[in-house]
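Below, each chain spelled out in residue letters.
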Amino acid sequence: MALRARALYDFRSENPGEISLREHEVLSLCSEQDIEGWLEGVNSRGDRGLFPASYVQVIRAAEPPPPARYANLPAGGFEPLPPPAAFKPAAQQPPPAAAPEPFPLPPPAAAGYPFPPAPYGGSYQPSQGSDDDWDDDWDDSSTVADEPGALGSSYTDYEAAGGAASGRYRLSTRSELSLGSRGGGHPAGHPHPPGGGGGSGGAKSSATVSRNLNRFSTFVKSGGEAFVLGEASGFVKDGDKLCVVLGPRGPEWQENPYPFQCSIEDPTKQTKFKGMKSYIAYKLVPSHTGQQVHRRYKHFDWLYGRLAEKFPVISVPHLPEKQATGRFEEDFISKRRKGLAWWMDHMCSHPVLAQCDAFQHFLTCPSTDEKAWKQGKRKAEKDEMVGANFFLTISVPAGPGASLDLQEVESQVDGFKAFTKKMDESALQLNHTANEFARKQVTGFKKEYQKVGHSFKCLSQAFELDQQAFSAGLNQAIAFTAEAYDAIGDLFADQPRQDLDPVMDLLALYQGHLANFPDIIHVQKGALTKVKESKRHVEEGKMELQKAEGIQERCNIISFATLAEINHFHKIRVRDFKSQMQHFLQQQILFFQKVTQKLEEALHKYDSV
């Protein structure tokens, strides 16, 4: 008999290799022997991994069923469904209080992949390489629940007050799914006993929308599948709501009512541990507070990780790349500051990211208040509105005509997918061309112009051997021409910093965005696939219309968010490339004006010859 255990408390996985548990959930154990207080098993959703041994109770053979688990069911049970023709009818009804069957431990190749799926622990793992090591005093193992006013304690206060806390409300997609799929009107979380039909509607509820076999897909890991299938449940604060509105170009994120910008200035080298460790600190000055704070790159890296995990349908801009060596060289520091400035501009310009609690904590927490920083950091890391629960925070237009035409949505998303592919190819080509042209200017053009200048200088020196007075003016003019070409070579070498480098910085930022959108599109496509499957079941009479409509409604939410993010991308793209192309051409004009000025000065030297 397979080892089983029942979850005594909810547990949310936080690290790779762990799985989440729900109270009263029955699990299959791989072994009853715990490993340093952890057990390994498979939960009811098929996720295999580790969980705390103290959070579960091993089910023994003689263990009675859980008390009052199905106390709301009729005493006589339910009429059994007619069995398939290939099987003999059951002769007796199962007892109504029977515990639900545990999820069987799948053999290695049963699900089509060679090893059990890993649980979702966030799509981003912040790198902790040599670029900016983490400090023990900044990233300790204590939890947010120990701090006053922390996220965990606020949930406890809410429930203790009977759910009457102001500005908080519970959203769940389970209730509708349970009612629609079981046909008997039972509350969510109370399934029928094995074999129970639940009334005449049982025939239509026999089919369910299948789960993806690939448990590593973005649609699954992001929580999109769980949300669409109606498994999301959580408390949503008013401040956590993300509103999508209908604008002139279609769905858009609701604008930030208090827009702001943030400058990144004065990168300085600082030390700690009596000079044993060095790092670069950047001064941030948000316009809405006016108070400067200092942040290291590791702080940016931590924030990016939190945002990338929390917002699966939002393109969080990528940070400038890390570098193992030369971190304190002036050119590298300057280039990184410019990259961080672009990153910050996109963060402040996004209506959702700019208002995120973790981002505001990053911008406003005083640099010297370590306790406040750690408390806000832990609160962000314990945020429950991630994964499937994140989609509960999205508020879309309601009322007649507000629902999207999913066929039109699919067409728009396919068009955007083709656009991003072409833009990515063009950005790569332009980046390569600009990089090659800049290299030629710094080395080749400078060398060639200075070679011309050197040749003119040699000619001037040869003419100086002539001692005739009337040739002195010519000799001086030719020598000045040589100097002019030498100076033009220096202008060519310095010019990429003024025009081409900013273009390549912008391209690098947008290449990060373009790398994000395949995953965002995959989530929307996955939701659309579930809608099509549910419609097919309805047409075949295997699923109730109410359940299929619930799936379509949740897909509609994901589609609204996806289109809103696409529209924001286009809006910000037009703004950025317009500004950057104007800057590029202005710098080109200034450059050639400088070259022309040098040549004109040399020309005027011959007027007096």
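- Under an unreviewed UniProt entry, the name given to the protein chain is SNX18 protein, and the source organism is Circaetus pectoralis.
- Entered under Subcellular location (unreviewed entry) in the UniProt record, the comment concerning the protein chain runs "Cytoplasmic vesicle membrane".
- Taken from UniProt, the Sequence similarities (unreviewed entry) comment for the protein chain reads in full: "Belongs to the sorting nexin family."

**Side note on unusual backbone geometry**
- A positive phi angle is found at H24, which is not glycine, with a value near 75°.
- With respect to the helices and strands, the residue H24 is situated in the loop between β1 (4–7) and β2 (26–29).
- Residue H24 is classed as partly exposed on the basis of its relative accessible area, which comes to 38%.
- A positive phi is found at D266, a non-glycine position, where the angle reads about 45°.
- Following the sequence through the fold, D266 ends up in strand β10 (residues 262–272).
- Residue D266 is classed as partly exposed on the basis of its relative accessible area of 45%.

**Remarks on the sheet that holds strand β12 (residues 293–296)**
- Spatially, three strands are ordered β10-β11-β12 in an open sheet, and the strand pairing comes out antiparallel. Strands with a single pairing partner mark the edges of an open sheet, and in this sheet they are β10 and β12. Taken over all neighbouring pairs, the strand axes of this sheet differ in orientation by 35° on average, direction set aside.
- Pairing geometry for β10 and strand β11 (residues 277–286), over nine bridges, is antiparallel. Its bridge partner lying in β11, K269 is registered against I280.
- In the packing of helix α6 (residues 330–349) onto the sheet, the strands contacted are β10 and β11, and the crossing angle to β10 comes to about 135°.

**Things to note about the sheet that holds strand β5 (residues 56–59)**
- Reading across from one edge, β4-β3-β2-β1-β5 is the order of the five strands in this open sheet, with antiparallel pairing throughout. Every other strand in the sheet has two partners, leaving β4 (48–52) and β5 as the edge strands with one partner each. Looking at each pair of strands side by side, their axes are set apart by 45° on average, direction ignored.
- Note that β1 and β5 share four bridges and pair antiparallel. From the neighbouring strand, A7 faces β5, where its bridge partner is V56.

**Looking at the layout of surface pockets**
- Each pocket or cavity is described by its volume, and for the second largest pocket that value is around 1200 Å³.
- Lining the second largest pocket are 34 residues, with P320, K335, R336, D505 and A508 positioned closest to its centre.
- The set of elements that each furnish at least two residues to the lining of the second largest pocket consists of α5 (297–310), α6, α9 (406–463), α10 (472–498) and α11 (500–539).
- Residue contributions to the lining of the second largest pocket peak at nine residues, all from α6.
- Tallied by class, residues from the lining of the second largest pocket come to 13 nonpolar, eight polar and 13 charged.
- Shared between two domains, the lining of the second largest pocket takes at least three residues from each, and those domains are domain 2 (261–395) and domain 3 (406–605).

**Examining the nonpolar core**
- Counting 84 residues, the largest nonpolar core has F227, L284, F300, F311, M344, F359 and F362 as the members making the most contacts within it.
- For this core, the element with the highest residue contribution is helix α12 (residues 545–604), accounting for twelve residues.
- Apart from residues lying up to four places away in sequence, F362 is in contact with L284, V293, R295, H299, F300, L303, M344 and W373.
- Listed in part, the eleven residues of the second largest apolar core include A5, I19, L27 and V56.

**Some words on the pairing of strand β9 (residues 250–253)**
- Across four bridges, the pairing between strand β8 (residues 242–247) and β9 is antiparallel. The residue of β9 that forms the bridge with G247 is G250.
- If you look at the hairpin formed by β8 and β9, you'll find two residues sitting between the two strands.

**Quick word on the packing of α11 against α12**
- Running from N to C, α11 and α12 point in directions that differ by 165°, and their axes come no closer than 9 Å. Classified by the interaxial angle, the pair formed by α11 and α12 is roughly antiparallel. Between α11 and α12 the crossing geometry is left-handed.
- Along the lines of polarity and charge, the residues of the contact of α11 with α12 split into 24 nonpolar, eight polar and five charged.

**What about the state of the cysteines?**
- Under the criterion given, the structure shown has zero disulfides.
- Unpaired in terms of disulfides, C348 finds its nearest cysteine sulfur in C262, a separation of 5.5 Å.

**Here we look at the pattern of salt bridges**
- According to the stated counting rule, one finds 21 salt bridges in the structure shown.
- Where K283 meets E265, a salt bridge forms, and the shortest distance between an N and an O atom there is 3.7 Å. Linking K283 in strand β11 with E265 in strand β10, this pair joins segments that are 18 residues apart in sequence.
- Owing to a relative accessible area of 15%, K283 belongs among the buried residues under this scheme.
- Among the ionic pairs, R306 bridges to E309, the shortest N-O distance being 2.4 Å. Of this pair, R306 and E309 both sit in helix α5, separated by three residues, roughly a single helical turn. In this pair, the class of R306 matches that of E309, namely buried.
- Through salt bridges that share partners, E410, D414, K525 and K532 make up one connected network.

Rules and cut-offs
- Residues numbered from 1 in each chain as written.
- Predicted model: local features only at pLDDT ≥ 70, side-chain atom pairs only at ≥ 80, totals over all residues.
- Heavy atoms only, no water.
- UniProt positions renumbered as here; feature names shortened; annotations may be inferred.
- Helix = DSSP H or I, 4+ residues; strand = E, 2+ residues; numbered from the N terminus.
- Buried < 20%, exposed > 50% of the residue type's maximum accessible area, 1.4 Å probe, protein only.
- Pairing = 2+ DSSP bridges.
- Axes fitted to C-alpha atoms, helices over the stretch in contact; angles between N-to-C directions.
- Contact = heavy atoms within 4.5 Å.
- 1 Å grid on protein atoms, 1.4 Å probe; cavity = no way out; pocket = protein on both sides within 12 Å on 5 of 7 lines; lining within 4 Å.
- Points joined across faces, edges and corners; volume = space filled by probe spheres on them.
- Nonpolar A, V, L, I, M, F, W, Y, C, P; charged D, E, K, R; others polar.
- Domains from an automatic or database assignment.
- Core = buried A, V, L, I, M, F, W, Y, C linked by side-chain atoms within 4.5 Å.
- Parallel < 35°, antiparallel > 145°, perpendicular 65-115°, else oblique.
- Left-handed = near helix turned anticlockwise from the far one by under 90°.
- Disulfide = S-S within 2.5 Å.
- Salt bridge = Lys/Arg side-chain N within 4 Å of Asp/Glu carboxyl O.

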